[in-house]
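What follows is the residue order along each chain.
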Amino acid sequence: MERPVRIQVRALEPYQTTLDAMRGAIASVREAGIGELWWVQHPPVFTQGQAGRPEHVLATGAIPVVQSDRGGQVTYHGPGQQILYVLLPIGPWQIAVRGLVEALEGSVIDLLAVYGVEAAGRRDAPGVYVQDAKIASLGLRVRHGVSYHGIALNVAMDLSPFRCIHPCGQVGLAVTQWIDHVGAPVQWNALRAGWLEALVRRCQLTVLSD
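Bear in mind that the values here come from a model prediction, so they are computed numbers and not experimental data.

Engineer: It is not clear to me how helix H3 (residues 97-114) should be interpreted in this structure. Could you clarify?
Structural biologist: Every α-helical turn comprises 3.6 residues, leaving residues that sit three or four positions apart pointing alike. With 18 residues, H3 extends 26 Å from end C-alpha to end C-alpha; this agrees with the ideal 26 Å at 1.5 Å per step. Within the sequence span of H3, burial applies to Leu100, Val101, Ala103, Leu104, Glu105, Gly106, Ser107, Val108, Asp110, Leu111 and Leu112. Just beyond H3, the residue with positive phi is glycine 116, at close to 80 degrees.

The following block contains the structure:
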């Protein structure tokens, strides 16, 4: 079965703007049978998932907290974090949600391995971890057979806001980022290209040219 996707590299944009755009794209993704992969960064924001509990949000200061309809608990997004949102017709494509979760985690694990960094997923706590510290958080939602939301990789950002929450509802969870482990400057285009290659391979996608 062919699984065509289109790619968008979006500007730094507010979380609510992206969320509204994803919701608005669900019908067209399902009708066309063509997925969309969005690369996005957000200004500082905490997002609370559907299962989020208020006790995991501590003193957030001036950074807003936005209610999201993704799965999972609270997390932080900010500049220097690369997010990959996956709008895919997984129902028609017969991709299980668990399979998509594992593919997203695996794509980050594969990307880090290229740079000599060993990472792993955890069955009990979705995301990607390096030496027990979380480097990528994951949350999805499926509506009308279409997935949206995705996975956020900490690359080169201010990690201090994570101390204002229990990341992903895990008390005492350590958080890390790409530049702490990869001994080279961040090349964003190369990072995205390598990540895309890994996800295309794991999900058997076909990238459409513009």
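Engineer: For this particular structure, what's the right way to read the sheet that holds strand E7 (residues 120-121)?
Structural biologist: Taking strand neighbours across the sheet as the criterion, the eight strands line up as E7-E8-E9-E10-E6-E2-E1-E11 in an open arrangement whose pairing is mixed. Looking at the sheet topology across the chains shown, the edges are occupied by E7 and strand E11 (206-207). Across the sheet, helix H1 (residues 15-32) touches strand E1 (4-12), strand E2 (35-41), strand E6 (81-87), strand E9 (133-143) and strand E10 (146-154), and the angle it forms with E10 is around 140 degrees. Running at roughly 35 degrees to E6, helix H4 (residues 188-203) makes contact with E1, E2, E6, E10 and E11 of the sheet.

Engineer: What should I look at first to understand the sheet that holds strand E5 (residues 75-77) in this one?
Structural biologist: Backbone-to-backbone hydrogen bonds join strands into a sheet, with any given pair of strands oriented parallel or antiparallel. Strand order in this open sheet of three strands is E4-E3-E5, and the pairing throughout is mixed. On the outer flanks of this sheet lie strand E4 (65-67) and E5, each paired with one strand and no other. On average, each strand axis in the sheet is inclined to that of its neighbour by 35 degrees, with strand direction left out of account. As defined by bridge partners, strand E3 (residues 45-48) adjoins E5 across three bridges and the pair is classed as antiparallel. Among the inter-strand pairings, threonine 47 is bridged to a residue of E5, identified as threonine 75.

Conventions adopted
- Residues numbered from 1 in each chain as written.
- Predicted model: local features only at pLDDT ≥ 70, side-chain atom pairs only at ≥ 80, totals over all residues.
- Heavy atoms only, no water.
- Helix = DSSP H or I, 4+ residues; strand = E, 2+ residues; numbered from the N terminus.
- Expected span 1.5 Å × (residues − 1).
- Buried < 20%, exposed > 50% of the residue type's maximum accessible area, 1.4 Å probe, protein only.
- Pairing = 2+ DSSP bridges.
- Contact = heavy atoms within 4.5 Å.
- Axes fitted to C-alpha atoms, helices over the stretch in contact; angles between N-to-C directions.

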